[in-house]
Amino acid sequence: MSQNSAVNRRFVLASRPKGAPTPENFRLEEQPVPEAKEGELVLRTLYLSLDPYMRGRMSDAPSYAAPVQIDAVMTGGAVSEVVSSKSPDFKPGDIVLGSTGWQDHPVVKAKEVKKLEGPAEKHPSLALGVLGMPGFTAFMGLLDIGQPQAGETVVVAAATGPVGSLVGQIAKIKGCKVIGIAGGEDKCRYAVEHFGFDECLDHRAPDLDKRLKAACPDGIDVYFENVGGAVFDAVLPLLNTKARIPVCGLVSQYNATELPDGKDRVSLLASTILRKRIRMQGFIIFDDYGHRYPEFAKQMGEWFAAGKVKFREDVVDGLENAPQAFIGLLEGKNFGKLVVRVAKDKA
């Protein structure tokens, strides 16, 4: 992978998608890399995180965060190496984490990034997964909203993804029965054999509702929502009184252009929530829990060091392949935390 340090390749949003994103929604540009001004850093991106939330940022519909503007760099978290520094807090060779976007050589204010510490120093991409935003999301969503108790049944969708796989492992640490839902036999087998789930169901196979009912004879106490759609339809009738539902994402709906046909899900959901006194809460991880990041970092670091949590990465080489990898992410083609290896760990 050749890279000219004097040139910054960057993907900008060329147009807003209608339905599923296409390669034409992205444009690859090349620009000279400016020198850092006082208080700034020139970085070399090592790993770029690709995450479902980016689909929402491509839209200009009202949301919890401002959309990416047309012709602006696509947003995204990344781990980078400091190339040059005009800040006393950083030196060349430092490895940092920041929301620096889909580009080779971002120039940022020093206060916009943080230096990696602990296990992520040796394996930088972990700061984008188990020890980063997805891990934080799983940790706070499950423990603060889901509040799992030993002996309860926890169901998690997208069970082999970076969030779902950790939700299941944390629930097992807390003494719960864990049922995963994933797309394909290979993913389901991996959830059981590698992540320690009690069972994992393939949502692509027929009769998910019947198979889920058989797997949860005592009902469902916590459902960690990543998907929505047909998976939630199978879960809803099995929810126990006072069940908890952390709503992390609805990836099945991100490319939708209209409401789905069929039953009135809203009325059915409202009736079930009232009758069973269910707690269903959405959350935006850094908006709602940013002040508790040290709590997560300490506990997850301990679990990771003790081998109590495992992870899987899906690594794509080359910034030029980011759009296609992202499109595949929304189609469920990734297997584990999807990251783009933009450059080698050290120059």
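Refer to the structure presented above.
Everything quoted here is computed from the prediction, not taken from an experiment.

Chemist: Help me out: how do you make sense of the packing of aromatic side chains in this one?
Modeler: The description of an aromatic ring pair rests on the distance of the ring centres and on the angle between the ring planes. Inspection of every chain in the model, using the stated rule, returns 17 aromatic pairs. Relative to W102, the ring of F11 has its centre 6.2 Å away and its plane inclined at 85 degrees; by these criteria the two rings are edge-to-face. With F11 in strand β1 (residues 7-13) and W102 in the loop between β5 (95-98) and β6 (107-109), this residue pair connects regions lying 91 residues apart in the sequence. An identical accessibility class is assigned to F11 and W102; each is buried. Put simply, the rings of F136, F139, F286, Y293, F296 and W303 pair up and form one aromatic cluster. Note that R312 overlies the ring of Y190, its terminal NZ or CZ placed 4.7 Å from the centroid.

Chemist: In this structure, what is going on with the nonpolar core? I would like to understand it.
Modeler: Generally speaking, a soluble globular protein has its nonpolar side chains buried in company with each other. With 47 residues, the main nonpolar core has V79, V130, L142 and M300 as its most contacted residues. Per-element accounting of this core gives the leading share, six residues, to helix α2 (residues 133-146). Excluding residues that lie within four positions of it along the chain, L142 makes contacts with T137, Q147, P148, V154, V167, I170, A171, V222 and F224. Among the nonpolar cores identified, the runner-up in size contains 24 residues, and V155, C216, Y223 and V227 belong to it.

Basis of the calculations
Residues numbered from 1 in each chain as written. Predicted model: local features only at pLDDT ≥ 70, side-chain atom pairs only at ≥ 80, totals over all residues. Heavy atoms only, no water. Phe/Tyr/Trp six-rings, centres within 6.5 Å; stacked < 30°, edge-to-face > 60°. Helix = DSSP H or I, 4+ residues; strand = E, 2+ residues; numbered from the N terminus. Buried < 20%, exposed > 50% of the residue type's maximum accessible area, 1.4 Å probe, protein only. Lys NZ or Arg CZ within 6 Å of the ring centre and 35° of its normal. Core = buried A, V, L, I, M, F, W, Y, C linked by side-chain atoms within 4.5 Å. Contact = heavy atoms within 4.5 Å.

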